Number of protein chains: 2
Amino acid sequence: MGRKKSYVRADVLEAARDLFWDKGYEGTHLQELVEVTGVNRFSLYAEFDGKEGLFLDALRLYRDEAEEAYRSVLLHEPLGLPNVHAYFDGIKFSSDYAGCFMINTLSEKHVVTDEAFSAAKSLSLKVEELFLQNLLAAQAGGHLHDRDATALARLLGVVDQGLAIRGIVSPSNKHKAQIVAQLSFLLAD
Amino acid sequence: MGRKKSYVRADVLEAARDLFWDKGYEGTHLQELVEVTGVNRFSLYAEFDGKEGLFLDALRLYRDEAEEAYRSVLLHEPLGLPNVHAYFDGIKFSSDYAGCFMINTLSEKHVVTDEAFSAAKSLSLKVEELFLQNLLAAQAGGHLHDRDATALARLLGVVDQGLAIRGIVSPSNKHKAQIVAQLSFLLAD
DNA sequence: GTTATTTCTGAACGATAGGTGTGTTATATC
DNA sequence: GATATAACACACCTATCGTTCAGAAATAAC
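Residues numbered from 1 in each chain as written. Chains lettered and ligands numbered in written order. Predicted model: local features only at pLDDT ≥ 70, side-chain atom pairs only at ≥ 80, totals over all residues.

Enquirer: What is the right way to look at the overall build of chain A in this model?
Expert: Looking only at helices and strands, chain A features ten helices and zero strands. Counting from the amino terminus, helix and strand elements in chain A follow one another as α-α-α-α-α-α-α-α-α-α. Relative to its full complement of 189 residues, chain A shows a buried share of 39%. (Helix = DSSP H or I, 4+ residues; strand = E, 2+ residues; numbered from the N terminus. Buried ≥ 20, exposed ≤ 12 C-beta atoms within 10 Å, placed from the backbone.)

Dropping the structure here:
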């Protein structure tokens, strides 16, 4: 019994995520969240736990979706270098690309809660691990002989994060293609 | 004639830069700037042009100093691959590393003024250009045969930016050393 | 010392921040 | 339809935001 909610929690979270993604935690004001989500301040407070809680939930939504996107490419069987190339080839910048929400949050380290910062960190580490699995599979297949797979996986993670930054500066998919093409020299046997 | 200023402009700018660097534009409040610089609100307004002007000046200070640091390594004669390796080998993370102020500002794209965003962008492009000069010199010396030097320079810029992000997540200089060691495979002939 | 000029101090400005209380409206159960 | 319950709308709270003003303090020229 009681009145029905006039919003769908998942939709609200998506809208909030997009706004936080664009403007960051401090740069996003509750009034804007009300306008974007169509949900009143009070209801936002009741459903989530204020601005902090909403931010954290939005961040986790992004993280979970992003992680799933990474997994769908980087856990494709059989594991190996083609997965790595497929991942980097698959990156696409839109003209209004706002960077990676996780990275934006890492930049706001001293502004967001520790919980939010940790959530943002976790994706970075997960991605490195996914790269590593493919590199180890490649080595098992006779490639990348005597290479430090862990360090290489971390470098790939670094490149991934760097691409997200460069996409803000210049969301050129042509440049991106030329850049990731250079990775074949890094991953040659 | 008139009263003397009780502060040194350059010192104020340094303190402001450090705070903005840590907290970002929106995350930094005027009251904190007053406390950190030791200069009253009114004087901050008279000397700079409000929060926006102070941010822009602090950003340009960082950019100019950073650019000089890049140039001192990457324009070392003779140009070539050793400069590139020297640059990446020379990166050091402190335990409280707050990332690169320029990158943090790029992440705040939709929060800062266009002028500030442009200033942040300019460093990225300059760094790519410096890498390129060294790669072209290497090619002139018979290295990196038939490689796309422009794309490779951009990749090195991407790695540089990615390292700055990774430094926030894990300011481990040991990891960093292992990661940049992998670059020798990318820059092999 | 007097005066003109500049900076500094501290308070106050209006606006808006995030957060909350109150009463109204809608729904589910009986 | 009556009633209990949950979510709604809207106004209001205090705190603080960036900004500014009026007067005190300090300095340089005369």
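Enquirer: Looking at this structure, how should I read the protein's contact with DNA strand C?
Expert: Around DNA strand C, a shell composed of 24 residues is seen, among which L30(A), G50(A), G2(B), R3(B) and S43(B) lie nearest. Taken together, the residues that form the surface near DNA strand C break down as eight nonpolar, eight polar and eight charged. (Near = placed C-beta within 6 Å. Nonpolar A, V, L, I, M, F, W, Y, C, P; charged D, E, K, R; others polar.)

Enquirer: What is the right way to look at the packing of helix α9 (residues 173-181) of chain A against helix α8 (residues 149-169) of chain B in this model?
Expert: Any two packed helices are characterised by the angle at which their axes cross and by the distance between the axes. Relative orientation of the contacting elements α9(A) and α8(B) amounts to 90 degrees, with a least axis distance of 8 Å. Viewed along their axes, α9(A) and α8(B) adopt a mutual orientation that is roughly perpendicular. Contacts between α9(A) and α8(B) pair H175(A), Q178(A), I179(A) and A181(A) from the former with A151(B), R154(B), L155(B) and V158(B) from the latter. (Axes fitted to C-alpha atoms, helices over the stretch in contact; angles between N-to-C directions. Parallel < 35°, antiparallel > 145°, perpendicular 65-115°, else oblique. Contact = placed C-beta atoms within 7 Å.)

Enquirer: Whenever I open this one, the relation of the copies chain B and chain A confuses me. Can you help?
Expert: Note: a rotation about an axis with an accompanying shift along it relates these two copies of the chain. Its rotation angle being 180 degrees, the transformation that places chain B on chain A also includes 0.0 Å of axial translation and leaves an RMSD of 0.1 Å. The two molecules are tied by a two-fold rotation axis, judged by turn and shift. Comparing contact sets, 97% of the residues at the interface of chain B also lie at the interface in chain A, consistent with an isologous, same-surface contact. (Least-squares fit on C-alpha atoms with pLDDT ≥ 70 in both.)

Enquirer: Sorry, what's going on with unusual backbone geometry here?
Expert: Peptide bonds are, in most cases, trans, and in most cases residues other than glycine have a negative phi. Here E77(A) and P78(A) are connected by a cis peptide whose omega angle stands at 0 degrees. Positioned with a positive phi, D146(B) is a non-glycine residue whose angle comes to about 65 degrees. One can find D146(B) in the loop between α7 (114-140) and α8.

Enquirer: Quick question: what am I supposed to make of the interface of chain B and chain A here?
Expert: Size of an interface: often given as the accessible area lost when the parts come together. Listed as interface residues are 39 residues of chain B and, on the opposing side, 38 residues of chain A. With 14 residues, α8(B) is the single largest residue contributor to the side of chain B that touches chain A. Classifying every residue of the side of chain B that touches chain A by side-chain character gives 17 nonpolar, 13 polar and nine charged.

Enquirer: Please clarify how the environment of A151(A) should be interpreted in this entry.
Expert: Structurally, A151(A) is set in helix α8 (residues 149-169). As for A151(A) and E128(A), which are separated by 23 residues in sequence, their C-alpha atoms are 9.4 Å apart. Beyond its immediate stretch of four places on either side in the chain, A151(A) contacts Q178(B), I179(B), A181(B) and Q182(B).

Enquirer: What is the right way to read the confidence of the model for chain A from this model?
Expert: Low-confidence regions, as indicated by low pLDDT, have predicted coordinates that should not be scrutinised in detail. Confidence in the prediction for chain A averages 96 pLDDT; 99% of positions are at 70 or higher. Of the two predicted TM-score estimates for the complex, the pTM is 0.94 and the ipTM is 0.92. (pLDDT = per-residue confidence, 0-100.)

Enquirer: So what exactly am I meant to see when it comes to the environment of F48(A) here?
Expert: Residue and element names in this part refer to chain A. Mapped onto the secondary structure, F48 falls in the loop between α3 (41-47) and α4 (50-74). A tally of 21 C-beta atoms within 10 Å means that F48 is categorised as buried. Linking F48 and V158, residues 110 residues apart in sequence, is a C-alpha distance of 33 Å.

Enquirer: Even after reading the chapter, I still don't get the packing of helix α7 (residues 114-140) of chain A against α8(A), so can you show me in this structure?
Expert: Residues and elements named next belong to chain A. It is the contact of α7 with α8, at a shortest axis distance of 8 Å, that shows an interaxial angle of 130 degrees. By the angle between their axes, α7 is oblique relative to α8. The element α7 and its partner α8 pack so that their crossing is right-handed. Along its contact with α7, which presents S124, V127, E128, F131, L132, L135, L136 and Q139, the element α8 presents A149, T150, L152, A153, R154, L156, G157, D160 and Q161. (Left-handed = near helix turned anticlockwise from the far one by under 90°.)

Enquirer: Help me out: how do you make sense of α8(A) in this one?
Expert: For an α-helix the count is 3.6 residues per turn, leaving residues at separations of three or four pointing the same way. Spanning 21 residues, α8(A) covers 30 Å between terminal C-alpha atoms, matching the ideal 30 Å at 1.5 Å per step. Among the 21 residues of α8(A), 18 are classified as buried, and the element is accordingly described as predominantly covered. (Expected span 1.5 Å × (residues − 1).)

Enquirer: When you look at helix α4 (residues 50-74) of chain B in this model, what are you seeing that I'm missing?
Expert: Residues and elements named next belong to chain B. Given a rise of 1.5 Å per residue, 25 residues ought to cover 36 Å, and the 36 Å separating the end C-alpha atoms of α4 matches this to within 8%. L54, F55, A58, L59, Y62 and L74 are the residues of α4 that are buried. The secondary structure elements touched by the buried residues of α4 are α1 (9-27), α2 (30-37), α3 (41-47), α5 (81-90), α6 (101-107) and α7.

Enquirer: What is the right way to look at the nonpolar core in this model?
Expert: Soluble globular proteins tend to pack their nonpolar side chains together in the buried interior. Residues L59(A), M102(A), F131(A), L59(B), M102(B) and F131(B) are the most contacted members of the largest nonpolar core, which totals 96 residues. Once residues lying within four places of it in the same chain are set aside, the contact partners of M102(B) are Y62(B), R63(B), A66(B), A120(B) and L123(B). (Core = buried A, V, L, I, M, F, W, Y, C linked by C-beta atoms within 7 Å.)

Enquirer: Just checking my understanding: could you explain the environment of S43(B) for this structure?
Expert: Residue and element names in this part refer to chain B. Tracing the backbone shows S43 in helix α3. Among the residues examined, S43 registers 16 C-beta atoms within 10 Å and is labelled partly exposed. For the pair formed by S43 and Y70, sequence separation is 27 residues and the distance between their alpha carbons is 34 Å.

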